[in-house]
Amino acid sequence: MDTYQALLFVASVLLVAFAVEQLSSALRAPSVIMMIATGVLSKWILNRHDITLGEIDEVVTLMGTIGLVLIVLEGALDIDAGRDRWPVAWHSTQIAVAGVVACLLVFGTGIMQWLGWPLRDAPLVATPLAVISSAVAIPSSQYLPPRSREFVIYESSISDIVGVLVFFSIIASDGTIASIAAGLFGGGTLSLLLSLLLATAMVFLLTRIGGHVRFIPLLAGLFALYAAGKLLHLSPLILVLVFGLLLNNYSKWMRFPPLRKWADTSFPSTVEEFKVLVRELTFAVRGVFFILLGYWANLEALASWSVWLIAAGVLSTIYLTRFAILVITKQSDARALVWVAPRGLITVLLFFNAKTLVTAPPELEGAILLVVLISSSLTLMARKTSCN
(Lines give C-alpha, C1' and ligand atoms only; values in the text may rest on other atoms or scores of the structure.)
Protein backbone atom coordinates (compact mmCIF):
# COMPACT_ATOMS: atom_id res chain seq x y z
CA MET A 1 0.00 0.00 0.00
CA ASP A 2 1.63 3.27 -1.13
CA THR A 3 1.32 6.70 0.49
CA TYR A 4 -1.82 7.82 -1.31
CA GLN A 5 -3.56 4.49 -0.88
CA ALA A 6 -2.81 4.63 2.85
CA LEU A 7 -4.13 8.20 3.04
CA LEU A 8 -7.28 7.18 1.17
CA PHE A 9 -7.73 4.19 3.48
CA VAL A 10 -7.40 6.23 6.68
CA ALA A 11 -9.76 8.94 5.41
CA SER A 12 -12.27 6.30 4.29
CA VAL A 13 -12.16 4.58 7.68
CA LEU A 14 -12.88 7.87 9.47
CA LEU A 15 -15.77 8.69 7.14
CA VAL A 16 -17.20 5.19 7.50
CA ALA A 17 -16.82 5.40 11.30
CA PHE A 18 -18.77 8.68 11.29
CA ALA A 19 -21.50 7.17 9.11
CA VAL A 20 -21.72 4.09 11.33
CA GLU A 21 -21.88 6.26 14.47
CA GLN A 22 -24.76 8.27 13.01
CA LEU A 23 -26.56 5.13 11.87
CA SER A 24 -26.16 3.44 15.26
CA SER A 25 -27.57 6.52 16.99
CA ALA A 26 -30.58 6.50 14.66
CA LEU A 27 -31.13 2.77 15.21
CA ARG A 28 -30.21 3.00 18.91
CA ALA A 29 -27.81 0.08 18.42
CA PRO A 30 -24.35 -0.28 20.01
CA SER A 31 -21.92 1.54 17.74
CA VAL A 32 -19.14 -0.83 18.82
CA ILE A 33 -20.90 -3.85 17.30
CA MET A 34 -21.65 -2.01 14.07
CA MET A 35 -18.04 -0.82 13.75
CA ILE A 36 -16.67 -4.31 14.32
CA ALA A 37 -19.13 -5.65 11.76
CA THR A 38 -17.96 -2.94 9.35
CA GLY A 39 -14.38 -4.11 9.85
CA VAL A 40 -15.36 -7.71 9.14
CA LEU A 41 -17.21 -6.66 5.98
CA SER A 42 -14.28 -4.49 4.88
CA LYS A 43 -11.91 -7.44 5.21
CA TRP A 44 -14.17 -9.55 2.99
CA ILE A 45 -14.38 -6.80 0.34
CA LEU A 46 -10.62 -6.14 0.37
CA ASN A 47 -9.82 -9.84 0.13
CA ARG A 48 -12.06 -10.18 -2.92
CA HIS A 49 -9.92 -7.50 -4.59
CA ASP A 50 -6.65 -9.11 -3.38
CA ILE A 51 -5.86 -6.18 -1.07
CA THR A 52 -4.34 -6.94 2.33
CA LEU A 53 -3.26 -4.67 5.16
CA GLY A 54 -0.60 -7.05 6.44
CA GLU A 55 -0.03 -7.59 10.16
CA ILE A 56 -2.03 -4.99 12.07
CA ASP A 57 -1.62 -6.28 15.65
CA GLU A 58 0.70 -3.39 16.56
CA VAL A 59 -1.59 -0.82 14.90
CA VAL A 60 -4.63 -2.17 16.77
CA THR A 61 -2.69 -2.07 20.06
CA LEU A 62 -1.46 1.50 19.47
CA MET A 63 -4.90 2.82 18.46
CA GLY A 64 -6.47 1.00 21.39
CA THR A 65 -4.02 2.54 23.88
CA ILE A 66 -4.61 6.06 22.55
CA GLY A 67 -8.36 5.44 22.55
CA LEU A 68 -8.34 4.17 26.13
CA VAL A 69 -6.60 7.34 27.37
CA LEU A 70 -8.96 9.62 25.44
CA ILE A 71 -12.11 7.75 26.53
CA VAL A 72 -11.20 7.88 30.22
CA LEU A 73 -10.30 11.57 29.81
CA GLU A 74 -13.60 12.30 28.07
CA GLY A 75 -15.50 10.49 30.83
CA ALA A 76 -13.65 12.38 33.56
CA LEU A 77 -14.42 15.69 31.83
CA ASP A 78 -18.13 14.92 32.34
CA ILE A 79 -17.91 14.15 36.07
CA ASP A 80 -18.92 16.63 38.74
CA ALA A 81 -16.58 16.01 41.69
CA GLY A 82 -18.49 18.07 44.24
CA ARG A 83 -18.65 16.87 47.81
CA ASP A 84 -22.15 15.52 47.26
CA ARG A 85 -20.69 13.21 44.57
CA TRP A 86 -18.12 11.57 46.86
CA PRO A 87 -20.50 8.84 48.13
CA VAL A 88 -21.26 7.87 44.51
CA ALA A 89 -17.55 7.71 43.67
CA TRP A 90 -16.75 5.58 46.72
CA HIS A 91 -19.72 3.27 46.12
CA SER A 92 -18.73 2.86 42.45
CA THR A 93 -15.13 2.09 43.44
CA GLN A 94 -16.22 -0.64 45.85
CA ILE A 95 -18.40 -2.30 43.21
CA ALA A 96 -15.69 -2.01 40.54
CA VAL A 97 -13.05 -3.62 42.77
CA ALA A 98 -15.43 -6.35 43.94
CA GLY A 99 -16.36 -7.16 40.33
CA VAL A 100 -12.75 -7.43 39.17
CA VAL A 101 -11.73 -9.56 42.17
CA ALA A 102 -14.72 -11.93 41.88
CA CYS A 103 -14.24 -12.54 38.15
CA LEU A 104 -10.47 -12.81 38.51
CA LEU A 105 -10.79 -15.51 41.18
CA VAL A 106 -13.29 -17.55 39.14
CA PHE A 107 -11.50 -17.18 35.78
CA GLY A 108 -8.03 -17.66 37.28
CA THR A 109 -9.06 -20.82 39.09
CA GLY A 110 -10.77 -22.14 35.97
CA ILE A 111 -7.70 -21.54 33.79
CA MET A 112 -5.39 -23.22 36.31
CA GLN A 113 -7.66 -26.26 36.39
CA TRP A 114 -8.17 -26.35 32.61
CA LEU A 115 -4.62 -25.67 31.40
CA GLY A 116 -2.62 -26.55 34.52
CA TRP A 117 -0.94 -23.14 34.50
CA PRO A 118 0.91 -21.80 37.57
CA LEU A 119 -0.41 -18.98 39.75
CA ARG A 120 1.55 -16.31 37.87
CA ASP A 121 0.38 -17.23 34.35
CA ALA A 122 -3.34 -17.93 34.85
CA PRO A 123 -4.27 -14.43 36.11
CA LEU A 124 -2.53 -12.86 33.09
CA VAL A 125 -5.24 -14.28 30.83
CA ALA A 126 -7.99 -14.01 33.46
CA THR A 127 -7.49 -10.29 34.12
CA PRO A 128 -8.54 -9.07 30.63
CA LEU A 129 -11.84 -10.91 31.05
CA ALA A 130 -12.42 -9.52 34.56
CA VAL A 131 -12.29 -5.84 33.59
CA ILE A 132 -15.21 -3.73 32.36
CA SER A 133 -14.28 -1.77 29.26
CA SER A 134 -14.90 1.95 29.75
CA ALA A 135 -14.45 2.37 25.99
CA VAL A 136 -17.76 0.52 25.50
CA ALA A 137 -19.52 1.15 28.84
CA ILE A 138 -19.31 4.96 28.81
CA PRO A 139 -20.79 5.45 25.31
CA SER A 140 -23.41 2.79 26.08
CA SER A 141 -24.56 4.67 29.19
CA GLN A 142 -25.70 7.78 27.33
CA TYR A 143 -29.34 6.62 27.35
CA LEU A 144 -29.37 5.84 31.10
CA PRO A 145 -30.59 8.28 33.78
CA PRO A 146 -27.95 10.84 34.90
CA ARG A 147 -27.13 9.12 38.20
CA SER A 148 -26.80 5.70 36.55
CA ARG A 149 -24.58 7.19 33.82
CA GLU A 150 -22.41 8.81 36.48
CA PHE A 151 -22.09 5.45 38.23
CA VAL A 152 -21.06 3.77 34.95
CA ILE A 153 -18.39 6.41 34.26
CA TYR A 154 -16.87 6.02 37.72
CA GLU A 155 -17.16 2.23 37.85
CA SER A 156 -15.83 1.46 34.38
CA SER A 157 -12.92 3.92 34.72
CA ILE A 158 -11.97 2.47 38.11
CA SER A 159 -12.35 -1.06 36.72
CA ASP A 160 -9.88 -0.21 33.92
CA ILE A 161 -7.43 1.25 36.43
CA VAL A 162 -7.67 -1.70 38.83
CA GLY A 163 -7.34 -4.17 35.96
CA VAL A 164 -4.19 -2.49 34.62
CA LEU A 165 -2.70 -2.31 38.12
CA VAL A 166 -3.39 -6.00 38.78
CA PHE A 167 -2.09 -7.08 35.37
CA PHE A 168 1.25 -5.33 35.62
CA SER A 169 1.64 -6.23 39.30
CA ILE A 170 1.41 -9.88 38.25
CA ILE A 171 4.01 -9.37 35.51
CA ALA A 172 6.43 -7.70 37.94
CA SER A 173 5.90 -10.34 40.65
CA ASP A 174 7.69 -13.62 41.31
CA GLY A 175 4.40 -15.51 41.19
CA THR A 176 3.52 -15.40 44.88
CA ILE A 177 0.42 -13.71 46.28
CA ALA A 178 2.55 -11.60 48.63
CA SER A 179 4.64 -10.13 45.80
CA ILE A 180 1.54 -9.47 43.68
CA ALA A 181 -0.14 -7.67 46.62
CA ALA A 182 3.00 -5.65 47.34
CA GLY A 183 3.22 -4.51 43.71
CA LEU A 184 -0.51 -3.79 43.57
CA PHE A 185 -0.84 -1.64 46.68
CA GLY A 186 2.59 -0.07 46.40
CA GLY A 187 2.09 0.75 42.73
CA GLY A 188 -1.44 2.04 43.36
CA THR A 189 -0.39 4.39 46.15
CA LEU A 190 2.58 5.68 44.18
CA SER A 191 0.43 6.11 41.07
CA LEU A 192 -2.15 8.14 43.00
CA LEU A 193 0.42 10.45 44.59
CA LEU A 194 2.27 11.04 41.33
CA SER A 195 -1.02 11.55 39.50
CA LEU A 196 -2.17 14.27 41.91
CA LEU A 197 1.16 16.07 41.57
CA LEU A 198 1.49 15.78 37.79
CA ALA A 199 -2.18 16.49 37.03
CA THR A 200 -2.02 19.68 39.12
CA ALA A 201 1.13 20.73 37.26
CA MET A 202 -0.56 20.11 33.89
CA VAL A 203 -3.60 22.18 34.83
CA PHE A 204 -1.27 24.96 35.92
CA LEU A 205 0.52 24.79 32.55
CA LEU A 206 -2.79 25.01 30.72
CA THR A 207 -3.58 28.25 32.56
CA ARG A 208 -0.19 29.65 31.53
CA ILE A 209 0.11 28.50 27.90
CA GLY A 210 -0.66 31.34 25.51
CA GLY A 211 -1.06 31.56 21.75
CA HIS A 212 -3.16 29.51 19.37
CA VAL A 213 -1.41 26.17 19.97
CA ARG A 214 -2.20 25.01 23.51
CA PHE A 215 -3.96 21.67 23.52
CA ILE A 216 -1.71 19.51 21.33
CA PRO A 217 1.40 20.07 23.53
CA LEU A 218 -0.76 19.36 26.57
CA LEU A 219 -2.10 16.09 25.12
CA ALA A 220 1.40 15.13 23.95
CA GLY A 221 2.61 15.60 27.52
CA LEU A 222 -0.28 13.55 28.86
CA PHE A 223 0.47 10.66 26.48
CA ALA A 224 4.19 10.88 27.29
CA LEU A 225 3.45 10.64 31.03
CA TYR A 226 1.07 7.76 30.38
CA ALA A 227 3.72 5.86 28.41
CA ALA A 228 6.35 6.55 31.08
CA GLY A 229 3.98 5.29 33.77
CA LYS A 230 3.35 2.09 31.84
CA LEU A 231 7.08 1.51 31.39
CA LEU A 232 7.47 1.90 35.17
CA HIS A 233 4.58 -0.58 35.74
CA LEU A 234 2.40 2.06 37.40
CA SER A 235 -1.24 2.87 36.60
CA PRO A 236 -1.15 6.11 34.61
CA LEU A 237 -4.90 5.93 33.93
CA ILE A 238 -5.22 7.44 37.41
CA LEU A 239 -3.32 10.48 36.09
CA VAL A 240 -5.74 10.76 33.15
CA LEU A 241 -8.76 10.49 35.47
CA VAL A 242 -7.43 13.05 37.98
CA PHE A 243 -6.43 15.48 35.23
CA GLY A 244 -9.93 15.36 33.73
CA LEU A 245 -11.57 15.79 37.12
CA LEU A 246 -9.41 18.82 37.98
CA LEU A 247 -10.20 20.48 34.64
CA ASN A 248 -13.95 19.88 34.77
CA ASN A 249 -14.17 21.02 38.39
CA TYR A 250 -12.04 24.14 38.18
CA SER A 251 -14.72 26.14 40.02
CA LYS A 252 -14.11 24.00 43.10
CA TRP A 253 -10.35 24.57 43.43
CA MET A 254 -10.58 28.20 42.33
CA ARG A 255 -12.36 28.95 45.62
CA PHE A 256 -9.02 28.72 47.43
CA PRO A 257 -7.28 32.13 47.52
CA PRO A 258 -3.78 30.84 46.56
CA LEU A 259 -5.21 29.17 43.42
CA ARG A 260 -7.47 31.97 42.20
CA LYS A 261 -4.54 33.67 40.49
CA TRP A 262 -3.96 30.58 38.33
CA ALA A 263 -6.91 31.06 35.99
CA ASP A 264 -8.31 34.21 34.41
CA THR A 265 -11.85 34.83 33.16
CA SER A 266 -11.11 33.05 29.86
CA PHE A 267 -10.27 29.71 31.53
CA PRO A 268 -13.87 28.32 31.45
CA SER A 269 -14.03 28.83 27.66
CA THR A 270 -10.58 27.22 27.36
CA VAL A 271 -11.85 24.13 29.18
CA GLU A 272 -14.89 23.94 26.88
CA GLU A 273 -12.66 24.16 23.79
CA PHE A 274 -10.49 21.38 25.19
CA LYS A 275 -13.56 19.20 25.77
CA VAL A 276 -14.62 19.62 22.14
CA LEU A 277 -11.15 18.60 20.92
CA VAL A 278 -11.10 15.53 23.18
CA ARG A 279 -14.56 14.44 21.96
CA GLU A 280 -13.48 14.75 18.32
CA LEU A 281 -10.24 12.83 18.86
CA THR A 282 -11.99 10.17 20.93
CA PHE A 283 -14.52 9.53 18.19
CA ALA A 284 -11.79 9.25 15.53
CA VAL A 285 -9.51 6.91 17.45
CA ARG A 286 -12.33 4.74 18.84
CA GLY A 287 -13.88 4.35 15.39
CA VAL A 288 -10.59 3.37 13.74
CA PHE A 289 -9.77 0.93 16.54
CA PHE A 290 -13.03 -1.02 16.43
CA ILE A 291 -13.11 -1.15 12.63
CA LEU A 292 -9.54 -2.48 12.62
CA LEU A 293 -10.51 -4.91 15.37
CA GLY A 294 -13.24 -6.26 13.09
CA TYR A 295 -10.68 -6.60 10.30
CA TRP A 296 -8.25 -8.37 12.66
CA ALA A 297 -10.88 -10.80 14.00
CA ASN A 298 -10.57 -14.41 12.87
CA LEU A 299 -14.16 -15.52 12.39
CA GLU A 300 -13.09 -19.08 11.52
CA ALA A 301 -12.16 -19.54 15.17
CA LEU A 302 -15.84 -19.16 16.09
CA ALA A 303 -16.76 -22.38 14.28
CA SER A 304 -15.59 -24.53 17.21
CA TRP A 305 -18.19 -25.56 19.80
CA SER A 306 -15.54 -25.30 22.53
CA VAL A 307 -15.17 -21.56 21.79
CA TRP A 308 -18.89 -21.02 22.37
CA LEU A 309 -18.81 -23.17 25.52
CA ILE A 310 -15.93 -21.13 27.00
CA ALA A 311 -17.66 -17.86 26.07
CA ALA A 312 -20.91 -19.04 27.66
CA GLY A 313 -19.10 -19.87 30.89
CA VAL A 314 -17.32 -16.52 30.96
CA LEU A 315 -20.49 -14.53 30.25
CA SER A 316 -22.48 -16.45 32.85
CA THR A 317 -19.83 -15.70 35.46
CA ILE A 318 -19.69 -12.01 34.53
CA TYR A 319 -23.43 -11.38 34.84
CA LEU A 320 -24.15 -13.64 37.81
CA THR A 321 -21.36 -12.14 39.93
CA ARG A 322 -22.29 -8.61 38.82
CA PHE A 323 -25.95 -9.05 39.69
CA ALA A 324 -25.04 -10.47 43.11
CA ILE A 325 -22.68 -7.56 43.85
CA LEU A 326 -25.21 -4.92 42.75
CA VAL A 327 -27.96 -6.49 44.88
CA ILE A 328 -25.74 -6.94 47.95
CA THR A 329 -24.54 -3.32 47.76
CA LYS A 330 -28.13 -2.10 47.20
CA GLN A 331 -27.27 -0.25 44.01
CA SER A 332 -30.27 1.55 42.55
CA ASP A 333 -31.33 0.61 39.03
CA ALA A 334 -29.50 -2.71 39.48
CA ARG A 335 -31.69 -4.53 36.95
CA ALA A 336 -30.50 -2.16 34.22
CA LEU A 337 -26.90 -1.75 35.35
CA VAL A 338 -26.29 -5.50 35.48
CA TRP A 339 -26.13 -5.45 31.68
CA VAL A 340 -23.53 -2.67 31.55
CA ALA A 341 -20.53 -4.96 31.95
CA PRO A 342 -19.04 -5.00 28.46
CA ARG A 343 -15.63 -6.33 27.60
CA GLY A 344 -13.91 -4.44 24.83
CA LEU A 345 -10.91 -2.25 24.24
CA ILE A 346 -9.09 -2.90 27.55
CA THR A 347 -9.83 -6.64 27.20
CA VAL A 348 -8.16 -6.77 23.79
CA LEU A 349 -5.19 -4.65 24.88
CA LEU A 350 -4.41 -6.70 27.97
CA PHE A 351 -4.90 -9.96 26.07
CA PHE A 352 -2.42 -8.81 23.40
CA ASN A 353 0.09 -8.12 26.19
CA ALA A 354 -0.63 -11.49 27.79
CA LYS A 355 -0.01 -13.32 24.49
CA THR A 356 3.57 -12.04 24.46
CA LEU A 357 4.20 -13.75 27.82
CA VAL A 358 2.14 -16.96 27.68
CA THR A 359 0.94 -19.23 24.90
CA ALA A 360 -2.86 -19.18 25.03
CA PRO A 361 -4.85 -21.90 23.22
CA PRO A 362 -6.56 -20.73 20.00
CA GLU A 363 -9.98 -21.49 21.48
CA LEU A 364 -9.41 -18.78 24.07
CA GLU A 365 -8.76 -16.11 21.45
CA GLY A 366 -12.04 -16.95 19.71
CA ALA A 367 -13.88 -17.00 23.04
CA ILE A 368 -12.58 -13.53 23.91
CA LEU A 369 -13.86 -12.18 20.59
CA LEU A 370 -17.27 -13.71 21.31
CA VAL A 371 -17.34 -12.29 24.83
CA VAL A 372 -16.53 -8.81 23.49
CA LEU A 373 -19.26 -9.00 20.84
CA ILE A 374 -21.99 -10.47 23.04
CA SER A 375 -21.31 -8.40 26.18
CA SER A 376 -21.26 -5.21 24.07
CA SER A 377 -24.57 -6.19 22.47
CA LEU A 378 -26.17 -6.91 25.84
CA THR A 379 -25.74 -3.28 26.88
CA LEU A 380 -28.93 -2.75 24.87
CA MET A 381 -30.76 -4.59 27.65
CA ALA A 382 -29.77 -1.85 30.10
CA ARG A 383 -31.51 0.76 27.97
CA LYS A 384 -34.68 -1.30 27.64
CA THR A 385 -34.77 -2.26 31.33
CA SER A 386 -34.14 1.32 32.46
CA CYS A 387 -36.93 2.64 30.18
CA ASN A 388 -39.35 0.06 31.57
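This one's a predicted model, so the numbers in the text were calculated from it and none came from an experiment.

(A) Structural view of the overall build of the protein chain. Along the protein chain, the regular secondary structure elements total 18 helices and zero strands. Here the protein chain has a C-alpha radius of gyration of 21 Å; the compact-globule value for 388 residues is 21 Å, and the two agree. In terms of overall dimensions, the protein chain has C-alpha extents of about 65 × 55 × 50 Å along its principal axes. Within the protein chain, buried positions represent 51% of all 388 residues. A fraction of 80% describes how many contacts in the protein chain between residues 6 or more apart in sequence connect residues 24 or more apart. Accessible surface for the protein chain amounts to roughly 18200 Å². Of this, 68% is attributable to carbon and sulfur atoms. When the 25 positive and 23 negative side-chain charges of the protein chain are each reduced to one mean point, those points stand 11 Å apart.

(B) Local environment of helix α7 (residues 146–172). The terminal C-alpha atoms of α7 lie 39 Å apart, and with 27 residues this matches the ideal 39 Å at 1.5 Å per residue to within 8%. Most of α7 sits inside the fold, with 23 of its 27 residues counted as buried.

(C) The arrangement of a nonpolar patch on the surface in detail. Side chains of L190, L194, L197 and L198 sit close together on the surface and give an oily, nonpolar patch of about 330 Å² of accessible area. Checked against the element boundaries, L194 lands in helix α8 (residues 177–208). With a relative accessible area of 34%, L194 lands in the partly exposed category.

(D) Expanded view of empty space enclosed by the protein. Tallied over the entire structure, the rule returns three cavities of 30 Å³ or more. Roughly 140 Å³ of internal volume is contained in the largest cavity. The wall of the largest cavity is formed by 16 residues, among which A29, P30, S31, P139 and Q142 lie closest to the centre. Broken down by secondary-structure element, the contributors of at least two residues to the lining of the largest cavity are α1 (3–27), α2 (31–48), α6 (134–140) and α18 (379–387). A volume near 110 Å³ is recorded for the second largest cavity. Around the second largest cavity, the lining comprises 15 residues; the ones closest to its centre are G99, V100, I132, E155 and R322. Elements represented by at least two residues in the lining of the second largest cavity include exactly α4 (86–115), α7 and α14 (305–328). The dominant element in the lining of the second largest cavity, judged by the number of residues it contributes, is α4, at five residues. Among the residues forming the lining of the second largest cavity, the class breakdown is nine nonpolar, three polar and three charged.

(E) Examining the environment of R48 more closely. Along the chain, the position of R48 falls in helix α2. Along the sequence, R48 and V136 sit 88 residues apart, while their C-alpha atoms lie 31 Å from each other.

The rules behind these values
Residues numbered from 1 in each chain as written. Predicted model: local features only at pLDDT ≥ 70, side-chain atom pairs only at ≥ 80, totals over all residues. Heavy atoms only, no water. Helix = DSSP H or I, 4+ residues; strand = E, 2+ residues; numbered from the N terminus. Rg over C-alpha atoms; globule rule 2.2 N^0.38 Å. Buried < 20%, exposed > 50% of the residue type's maximum accessible area, 1.4 Å probe, protein only. Contact = heavy atoms within 4.5 Å. Areas by Shrake-Rupley, 256 points an atom, 1.4 Å probe, with all protein chains shown as cover. Lys, Arg positive; Asp, Glu negative; His and termini not counted. Charge placed at Lys NZ, Arg CZ, Asp CG, Glu CD. Expected span 1.5 Å × (residues − 1). Patch = residues over 30% accessible without salt bridge, like charges linked within 9 Å, V, L, I, M, F, W, Y side chains within 5 Å. Salt bridge = Lys/Arg side-chain N within 4 Å of Asp/Glu carboxyl O. 1 Å grid on protein atoms, 1.4 Å probe; cavity = no way out; pocket = protein on both sides within 12 Å on 5 of 7 lines; lining within 4 Å. Points joined across faces, edges and corners; volume = space filled by probe spheres on them. Nonpolar A, V, L, I, M, F, W, Y, C, P; charged D, E, K, R; others polar.

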